[in-house]
Amino acid sequence: MKILMQLSEMHNFTPNEKSIASYILIHRENMLRLNIQELAKVTYTSHSAVNRLTHKLGLTGFKEFIIKLAQEFQQTADILNVDSNYPFSLEASSLQVAKDIAELMKETIEKNFSFMDDNLLSQTAQLLYQSERIFIYASGDSQIRAKSFQNKLIKINKYPIIATELSEWAHHTVNLTKRDCAIFLTYHGKSSSYMKAAQHFLNKNIPFITISSTTQNDLAKLSTIFIQVPNDEVKFAKIGTFSSQIAFEYVLNVIYSCIYKIDYLKNRRNSIEFLEQLHADDVLNDI
């Protein structure tokens, strides 16, 4: 696995290692100029802590780490021009902020598109289309994206349930059947409650989809279908959840569109008939 991906996921990292990883991800432009003592100093850690981290990444030491890091920086230079965690600077004008956010949205979607797979999207759409009920597990900002997805599906006669709303996830979980489907919308995929639900689904042969930024969590490995989004945000060092939520919104919009396409003519006809009926009702109310 790529070094930057491992640093972002911080799998089994100690607090000191998380501090070092966060600094590296945020200060990419300075990293290649630092030696091991300087990196230890700016992260308030130690020479040995930096070495332990490089070994945890599967490298022989700091020298190999810097070489590999430089190679990855070069590979990603043309893709990421805006820092997902700090997309604008203190000195930026309001218009520059607007430009930086627009660039971040564009880059996130382009990178997310590169992860897309035609067969995987088709399988996802068919699974959700055929499911009697859809239960979505999402919290925080991700639940806002889930509600937007829910609103779209209602328009094509699918009525998904936000399972984590009002802390009722456990009750919803035990009521799912093989004819239903669940969706986990989670950036890091480390929720213990989600893992309990996923293990239950696995035992009961209930299909579930995970949309997450990492393939290295147990939730992703257990999923019937896994869809990856870019892993560009540092968990403990960012202005806001810009990149992750842009990615979630994009993926859910794509999935909704693929479901809509299955019954395209019927869905389009129903929309037109609904709008015509609303217009007729307005006319009657004006008489």
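Refer to the preceding data block for the structure.
Just so it is clear, the structure is predicted and the values come from calculations on it, not from any experiment.

Caption draft 1: Layout of the nonpolar core. Judged by nonpolar contacts, the single largest core of 32 residues is most densely connected at Leu 128, Ile 136, Phe 149, Ile 183, Ile 209, Ile 211 and Ile 255. Contributions of two or more residues to this core are made by helix 8 (118–130), strand 1 (134–137), helix 9 (141–154), strand 3 (181–185), strand 4 (208–212), strand 5 (225–228) and helix 13 (242–262). Counting residues per element, this core draws most heavily on helix 13, which supplies 11 residues. Among all residues touching Ile 136, those that are not within four sequence positions of it are Ala 146, Phe 149, Pro 160, Ile 161, Ile 162, Ala 163, Thr 164 and Ile 183. By size, the runner-up hydrophobic cluster in this structure holds 26 residues, among which are Phe 13, Met 31, Phe 62 and Phe 73.

Caption draft 2: The sheet that holds strand 1, seen in detail. Ordered in space as 2-1-3-4-5, the five strands form an open sheet in which the pairing is parallel. The open sheet has two edge strands with one neighbour each: strand 2 (161–162) and strand 5. Across four bridges, strand 3 lies against strand 4 in parallel orientation. Looking at the pairing, Ile 183 lines up with Ile 209 of strand 4.

Caption draft 3: Representation of the pattern of salt bridges within the structure. Scanning all chains against the criterion turns up seven salt bridges. With a shortest N-O distance of 2.8 Å, Glu 17 and Lys 56 are connected by a salt bridge. With Glu 17 in helix 2 (residues 15–26) and Lys 56 in helix 5 (residues 47–56), this pair connects stretches of sequence that are 39 residues apart. Taking relative accessible area as the criterion, Lys 56 reaches 37% and is therefore assigned partly exposed. Linking Asp 232 and Lys 111 is a salt bridge whose minimum nitrogen-to-oxygen distance equals 2.8 Å. Taken together, the residues span a long stretch of sequence, with Asp 232 in the loop between strand 5 and helix 13 and Lys 111 in helix 7 (residues 94–115) at a distance of 121 residues. Looking at Asp 232, the relative accessible area reads 8%, which means it is buried. The buried category is assigned to Lys 111, whose relative accessible area is 19%.

Rules behind the numbers
- All chains use their own residue numbering, which begins from 1 and follows the written sequence.
- Per-residue local features are limited, in this predicted model, to residues with pLDDT of at least 70; the limit for side-chain atom pairs, both in listing and counting, is 80 or more; totals at the level of whole chains, interfaces and linings are taken over all residues.
- Side-chain metrics in this entry use all non-hydrogen atoms of the structure; hydrogen atoms and water are not considered.
- Note on terminology: a nonpolar core comprises buried Ala, Val, Leu, Ile, Met, Phe, Trp, Tyr and Cys residues joined through side-chain atoms within 4.5 Å.
- Partly exposed residues are those whose accessible area sits between 20% and 50% of the maximum for their type, while under 20% is buried and over 50% is exposed, using a 1.4 Å probe and protein chains only.
- By definition, any uninterrupted DSSP run of H or I lasting at least four residues is a helix, any uninterrupted run of E lasting at least two residues is a strand, and each is numbered from the N terminus.
- Contact definition: two residues touch when any of their heavy atoms are within 4.5 Å.
- Here, strands pair whenever DSSP counts at least two bridges between them.
- By definition here, a salt bridge exists when the distance from a side-chain nitrogen of Lys or Arg to a carboxyl oxygen of Asp or Glu is within 4 Å.

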